[in-house]
Amino acid sequence: MMQERESLEFDIVFIGAGPANLASALHLQRLLKRHNSLSENTIDPTIALIDKGRYAGAHLLSGAILDPKALDEFFPDYRERGFPCEAMVSKECLWYLTAKRKFPFPFIPDAFSNKGNMLVSLSRIGSWMANEAEKEGIQLFENTAAVLPFVENDRLAGILTDDKGLDRNGQKKNNFEPGLLLKTKAVVIGEGSDGSFFRKVCEHFPKSIQTNTQRYETGMKETWRIPAGRLGTGEVHQMFGYPLSSDIYGGGWLYALSSTLLSIGFITALEPASPVCDPHLNLQRFKQHPMLAKILEGGSMIESGARTITSGGADAMPSLYGPGYLVTGESAGMVNMQRHKGLHLAMKSGILAAETLFESLLHDDFSTNQLKTYSERFRNSWAYEELYAARNYRKAFDHGLYYGLVQAGLQLKFPGFSIAEGFGDRRDKTKRSTPPRIALSVADREAFAPDGSLTFCKSENLYRSGTMHEENQPCHLLLKPEDIKEICLQKCTTEFANPCQHFCPAQVYEITGDPPSTLKLNASNCLHCKTCETIDPYGIITWTPPEGGGGPGYKLS
């Protein structure tokens, strides 16, 4: 197998063309150009950036509000170069919703404020930054998934990319192309939430695994066109309460990218101990609130998508370095749930990784001790300071909405404050029997009937995501036959009534036949959101990259 692969060598390989790695590649190139203009000892490394999307930005999804703090640091002329800012935040509101009413907060605490921030499309930012990176001479490999680490002499020495042209039985088709072996001195892993390649790296280097278990939420988003005159450009509305019960964490947003273009979405907690959520349904019910329904009336949904969000904070971050690699952005859990932001933290991590790599190139030293300075840089940065101060915010809501609000208020006065530890952990997987919440979830689903104008079925949202896959390829969702038989169709049916049919926002999982039941996997529907793998209470689902180029095709999200 290895002999069939073409081998290419690079000094640096970036996995994932998200904001962290794009910022890192751009900053590194600028550091090198500045050095070469001032020194006779020039450095001209080869740098490659790979991404599994079919074009730059295709798999990037966020709300999104961008704090430009990091962007100002590494790309001070971004405005002059045409950076795609949709609008500056002009007004912001925080609401508590009941089923029919809304209650405004009298003021926005400084920790939640978006003053001076930008409303952006992350997919457009990714496309723009990738174009800037190519101008700087960085080779971008789109349609290319990193599937396996190449380990040599106890260090990560390269990556194996995906084979193309295999049929669903794993047999070579006429257009078969073996993956590449990309050898390198250092790999920068920035895959986003729940990265599949980083998971493989952790199997080889277990010291990279975070001490505390990472936790996740799923964000479900739609982009809308509405009649003008209902909202002003730059308006930001954050909401919590309806449609969730007070014991479930989550909330929604409405951002006016222009007077007619809106980003609307909802975040739902993922709890393996009680995996009965339905992120898609929560967003549809959220839109039925009278305030939102009135704003959206007469409009049209033009794009939709979903993705998981890391929410464990500073306490759940993995090691940022290892033998031959660095970890950036959301792969390292750099999301501040108190601010509901991570783009600026991802970019800052990329800046710090670039400075570390520049020193490695300058001294031709890629030892683990040298790469460790990345972690030290991060610990001394404003990014770590921000994450550390907010480290207890998300866990406070494990004990309910009202308790969480009280503790969140105390944390504003005393950053990092927490008394949550004394109350146990509601995510304990031994606490699995939750019949009331299962019954409520079933009742909600049975009562929901999408109208096709304000609310939509999952297949319509999937269509609006631009998702495409080669149909005749191996299934990228790995489940052992014995696990399907003994767990999916027996144990999970009894304990949770097969919630995979509901927590997946793209209808990938389907239980058919009665009796006997079978599990049908509609793998070509997959949004690459990773909800299934992160919420699976039994740990039997393994998400692997499908053939490169497959997946969603976001353009506005």
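Here we summarise the structure given alongside this text. (Residues numbered from 1 in each chain as written. Predicted model: local features only at pLDDT ≥ 70, side-chain atom pairs only at ≥ 80, totals over all residues. Heavy atoms only, no water.)

**Overview of the overall build of the protein chain**
In terms of regular secondary structure, the protein chain is built from 16 helices and 24 strands. Here the C-alpha atoms of the protein chain give a radius of gyration of 23 Å, agreeing with the 24 Å that 2.2 N^0.38 yields for 557 residues. Along the three orthogonal principal directions, the C-alpha set of the protein chain runs to about 70 × 55 × 50 Å. Here the protein chain holds 557 residues, and 59% of them are scored as buried. Taken as a whole, the protein chain presents about 22,900 Å² of accessible surface, with 51% of it coming from carbon and sulfur. For the protein chain, the separation between the mean place of its 59 positive charges and that of its 64 negative charges on side chains is 5 Å. (Helix = DSSP H or I, 4+ residues; strand = E, 2+ residues; numbered from the N terminus. Rg over C-alpha atoms; globule rule 2.2 N^0.38 Å. Buried < 20%, exposed > 50% of the residue type's maximum accessible area, 1.4 Å probe, protein only. Areas by Shrake-Rupley, 256 points an atom, 1.4 Å probe, with all protein chains shown as cover. Lys, Arg positive; Asp, Glu negative; His and termini not counted. Charge placed at Lys NZ, Arg CZ, Asp CG, Glu CD.)

**Examining the pairing of strand E14 (residues 216-225)**
Burial analysis of E14 places nine of its 10 residues in the buried class, which makes it a mostly covered element. Sheet topology note: the E14/strand E17 (residues 261-270) ladder contains 10 bridges and is antiparallel. Each residue of the ladder has a partner; that of threonine 223, found in E17, is serine 263. Across 10 bridges, the pairing between E14 and strand E18 (residues 300-310) is antiparallel. (Pairing = 2+ DSSP bridges.)

**Structural notes on the sheet that holds strand E15 (residues 235-241)**
A sheet is described by the order of its strands in space; here seven strands give the open sequence E6-E5-E15-E16-E17-E14-E18, paired in mixed fashion. Here the strands that pair on one side only, and so sit at the sheet edges, are strand E6 (102-104) and E18. Each strand axis lies, on average, 20 degrees off the axis of its neighbour in the sheet, ignoring direction. Across three bridges, strand E5 (residues 91-97) lies against E6 in antiparallel orientation. (Axes fitted to C-alpha atoms, helices over the stretch in contact; angles between N-to-C directions.)

**Looking at the sheet that holds strand E4 (residues 85-88)**
Sheet architecture is open: three strands sit in the order E3-E7-E4, paired in antiparallel fashion. Two strands lie at the open edges of the sheet, namely strand E3 (65-66) and E4, each paired on one side alone.

**What about the side chain of asparagine 282?**
The residue asparagine 282 is located in helix H5 (residues 279-287) in this model. For asparagine 282, a relative accessible area of 9% gives the class buried.

**Regarding H5**
Of all the nine residues making up H5, nine are buried; the element is thus mostly covered by neighbouring parts of the structure. By the burial criterion, the buried members of H5 are Pro279, His280, Leu281, Asn282, Leu283, Gln284, Arg285, Phe286 and Lys287.

**Digging into unusual backbone geometry**
Residues glycine 63 and alanine 64 are joined by a peptide bond in cis, for which omega reads 0 degrees. With respect to the helices and strands, alanine 64 occurs in the loop between strand E2 (47-50) and E3. Residue tyrosine 242 is joined to proline 243 through a cis peptide bond whose omega torsion reads 5 degrees. Here the phi dihedral of aspartate 194 falls at roughly 50 degrees; this positive angle occurs in a residue that is not glycine. Within the secondary structure, aspartate 194 sits in the loop between strand E13 (181-189) and helix H4 (196-204). According to the relative accessible area criterion, aspartate 194 is buried, its value standing at 14%. The phi torsion at aspartate 364 lies on the positive side, around 50 degrees, for a residue other than glycine. Note that aspartate 364 resides in the loop between helix H7 (343-363) and helix H8 (368-379).

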